[in-house]
Amino acid sequence: MKLLFVQLPSQMPDWSSAPANVPLAAGYLAAYAESKGILARREWSILEPEIANYGSDSSIVASIAAREPDIVSFTLYSWNLERSLFIAERLASLLPHARLVAGGPEVVEHMPVTVRTPFHSLVFGEGEEAFVDLLRDVQQHRPLAPSYSANALADLEKVPNPYLAGTLRFDPSTQVHLETMRGCSAKCAYCYYGKNYNTLRRFPYKHVLDVIRAASEAGVPEIYIMDPNFQTGPDFAGRLRDIAYANHARTAIHTELRLEGITEEIAGLLKEAGVASVEAGLQSTNPKALEAVHRTFDRKAFERGAELLQKQKILVKTGLILGLPFDGYEQVIETFDFLGMQGLGQEAELYPLSLLPGTEIRERADEYGMSAMEIPPYLVTSTHWISYDDMVDAIAAFEESFDVEWAMPPAPHFQLFKEGFVSFIDTRRPENIDWMRLNPEKLSNSMTLLVDSDDPEILVRIVRAARDLRKDNPFTLYQVVLTSETRIPSEKLVERVREAFLHPEHYYELANSFSPDPQTSYQTRMFFATKNFALAYRALEEAQDMETMVVLNAKGGYNAERLAELLPYVVFDKQTLPFDRLYELISIYADFPHMLIEAPEGLF
């Protein structure tokens, strides 16, 4: 048997989500199957993170096909569902004898993936026991059933921890994901977790401490304790003291908890344990909205808990949901005002409501007049109480109130390779366009293209190449940099190039669809780069369909006051720029470091 696990990341143009793409489910399934004697270590593997996190669709398909696996097992989340389906469909034709299986939060009854699917079998609910049943059928040469599900929830005393079992490794570049329990006492209407695990079960306490100790010693960047409420259970103070002892390297821990339960003692112990940041799910301050989704909120206790954590320098990330029942624009603004008064606004995380598969809120959507996207991320676009335009206005108010960007705009990158995949193409050389079109499996899943906007022949070839690229790599993210020293690219030209590459149903595009950004596209982002400062400053005022970039060189100067006033993106070579100007540039953009883009001096 040759089994390959595949888990695709949430895509970001700068690959910043890669460290969080931990194939925890695969680690559990493999460890549990090994403990049952159903699977040997030599019989399975996980698609390497370099390929899963950075490779294009074609590169992932080619890598999987080259291994000729007997079984390919996908973990499906909302952010990777559509891309996983595309890759599975390609594999079905390339590997006709392989069996394609899938599980994860997207595998829920009555969802499209359960009706029209490229997978031979789907695993519903908790996976360990069900996956063993599936592997047993393979081992005994029986045909796969269309679906598998466990008769009962697993005894967590008998489920090996994947890190301790060696099915996942401690990687200094990747987070450690750790469950101390499964289940949730809350029954939030927008969440499927509590419905899937309707009882509280705990993993062996010793295993939890052993993982924290080993992760601390291995130098991992962060331990993410995934419990829906870390406080749940007896003697929380004692547990924190044990974690502090185990986490002797003080590796940063991130977790989720309720601020209402924080005391001065607990706040101090959280700090000693290494907890650097917490998620606190406020969602709304509107009592009717909270009641509708089965949440509670004690204002005074919340305020006290936030203050105690802030005194300990623990970052509090308050979660808010936009589009809840009974929440109109005014109620949303009242929630923002509350956060502002507590000094929590800049770190708040605002999410439009998602009608996730299997949730109560999805089942009651018609009752609340909810319109929503039919595909992931399933965002609600209006309700009886709030319109789409009001939601966009609310996000604009969020940005203005707290001086933050709700959706960080993509930026180009001029590095030729990312983990072995080509991530930058200078299309001013026609042969590079041909190479890109003919080698889709060698490309990264985030591409920057440099285009001469004054060369009509190059533009025609780019648009033609886009057709092939969209067919082979439909889920690639593009940053298209148009360059000229004499004129601003016309709106017609910009739209023509954008439309050639745009995938309007890409998860990243839809997830940012509420952004008040003047440039509406995210999956294909358009830029205008020039060394002509006067032209750049004109473009900042006239060309809202692009981001404007000025290109600095080692010998040329600039007006620092004008640059600080207009704040275009800046392209520069750190190696050649004089130190005094580099220092000045960094000072001007101290609050906007993402707008400083490094590129070799001779590129432009």
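Let me begin by describing the structure that accompanies this report. The structure presented is a predicted model; accordingly, all values stated were derived computationally and were not measured.

On to the packing of helix α13 (residues 329–342) against helix α15 (residues 388–402). Interaxial distance between α13 and α15 falls to 10 Å at its minimum, and their mutual angle equals 15 degrees. Classified by the interaxial angle, the pair formed by α13 and α15 is roughly parallel. For the element pair α13 and α15, the recorded crossing hand is right-handed. Together, Y329, V332, I333, F336, L339 and G340 of α13 and D390, D393, A394, A397, F398 and F402 of α15 make up the contact between the two elements. Per-class residue counts for the contact of α13 with α15 are nine nonpolar, one polar and two charged.

Attention shifts here to the packing of aromatic side chains. With the rule as written, the count across this model stands at 26 aromatic pairs. A ring pair is formed by F5 and W44, whose centres lie 6.1 Å apart and whose planes are at 75 degrees; its orientation type is edge-to-face. Remark: W44 occurs in strand β2 (residues 44–46) and F5 occurs in strand β1 (residues 3–6); sequence separation between them is 39 residues. Three or more aromatic residues joined by ring pairs form one cluster here, namely F5, W44 and F131.

A separate point is empty space enclosed by the protein. A water-sized probe rolled over the atoms picks out the places where empty space is left. What the rule picks out here adds up to six cavities of 30 Å³ or more. Considering only enclosed or pocket space, the largest cavity measures out at about 70 Å³ in volume. By residue number, the principal contributor to the lining of the largest cavity is helix α4 (residues 81–94), which donates three residues. In terms of residue class, the lining of the largest cavity is made up of five nonpolar, four polar and three charged.

So, on to the sheet that holds strand β17 (residues 417–418). Spatial ordering of the open sheet is given by β17-β18-β19-β20-β21-β22-β23-β24, a layout of eight strands whose pairing is mixed. Strands at the two margins of the open sheet, each flanked by one partner only, are β17 and β24 (596–598). Pairing geometry for strand β18 (residues 421–426) and strand β19 (residues 443–452), over four bridges, is parallel. Its bridge partner lying in β19, F424 is registered against T448.

Spatial ordering of the open sheet is given by β7-β10-β11-β12-β13-β14, a layout of six strands whose pairing is parallel. Both edges of this open sheet fall to β7 (176–178) and β14 (349–352), since each of them pairs with a single strand only. Between one strand axis and the next, the sheet turns through 20 degrees on average, direction left out of account. By the bridge criterion, six bridges tie strand β12 (residues 275–283) to strand β13 (residues 315–322) in an arrangement that is parallel. Across the sheet, the residue bridging to V278 is V316, located in β13. Seen against the sheet, helix α8 (residues 205–218) touches β7 and β10 (223–225) and runs at an angle of roughly 170 degrees to β7.

Okay, the nonpolar core next. If you look at the biggest cluster of nonpolar residues, it comprises 93 residues, and the most contacted ones within it are F131, L134, L135, I223, L270 and L309. Here L135 is in contact with M1, L3, A33, I38, L39 and I71, once residues within four sequence places are set aside. By size, the runner-up hydrophobic cluster in this structure holds 36 residues, among which are L4, F74, L76 and L81.

Let us look at the layout of surface pockets. Looking at the second largest pocket, its volume works out to about 810 Å³. For the second largest pocket, the lining is made up of 28 residues, of which E405, P409, D517, F592 and M595 are closest to its centre. Elements with a minimum of two residues in the lining of the second largest pocket: α20 (533–542) and β22 (547–551). Residue composition of the lining of the second largest pocket, grouped by class: 17 nonpolar, five polar and six charged.

Here helix α3 (residues 57–67) crosses α4 at 40 degrees, and the two axes come no closer than 10 Å. Judged on the interaxial angle alone, α4 and α3 are oblique. The two elements α3 and α4 meet at a crossing, and its hand is right-handed. Between α3, through D57, I60, V61, I64 and A65, and α4, the contact on the second element is made entirely by R83, F86, I87, R90, L91 and L94. Residues belonging to the contact of α3 with α4 are distributed by class as follows: eight nonpolar, no polar and three charged.

Definitions and cut-offs
Residues numbered from 1 in each chain as written. Predicted model: local features only at pLDDT ≥ 70, side-chain atom pairs only at ≥ 80, totals over all residues. Heavy atoms only, no water. Axes fitted to C-alpha atoms, helices over the stretch in contact; angles between N-to-C directions. Helix = DSSP H or I, 4+ residues; strand = E, 2+ residues; numbered from the N terminus. Parallel < 35°, antiparallel > 145°, perpendicular 65-115°, else oblique. Left-handed = near helix turned anticlockwise from the far one by under 90°. Contact = heavy atoms within 4.5 Å. Nonpolar A, V, L, I, M, F, W, Y, C, P; charged D, E, K, R; others polar. Phe/Tyr/Trp six-rings, centres within 6.5 Å; stacked < 30°, edge-to-face > 60°. 1 Å grid on protein atoms, 1.4 Å probe; cavity = no way out; pocket = protein on both sides within 12 Å on 5 of 7 lines; lining within 4 Å. Points joined across faces, edges and corners; volume = space filled by probe spheres on them. Pairing = 2+ DSSP bridges. Core = buried A, V, L, I, M, F, W, Y, C linked by side-chain atoms within 4.5 Å. Buried < 20%, exposed > 50% of the residue type's maximum accessible area, 1.4 Å probe, protein only.

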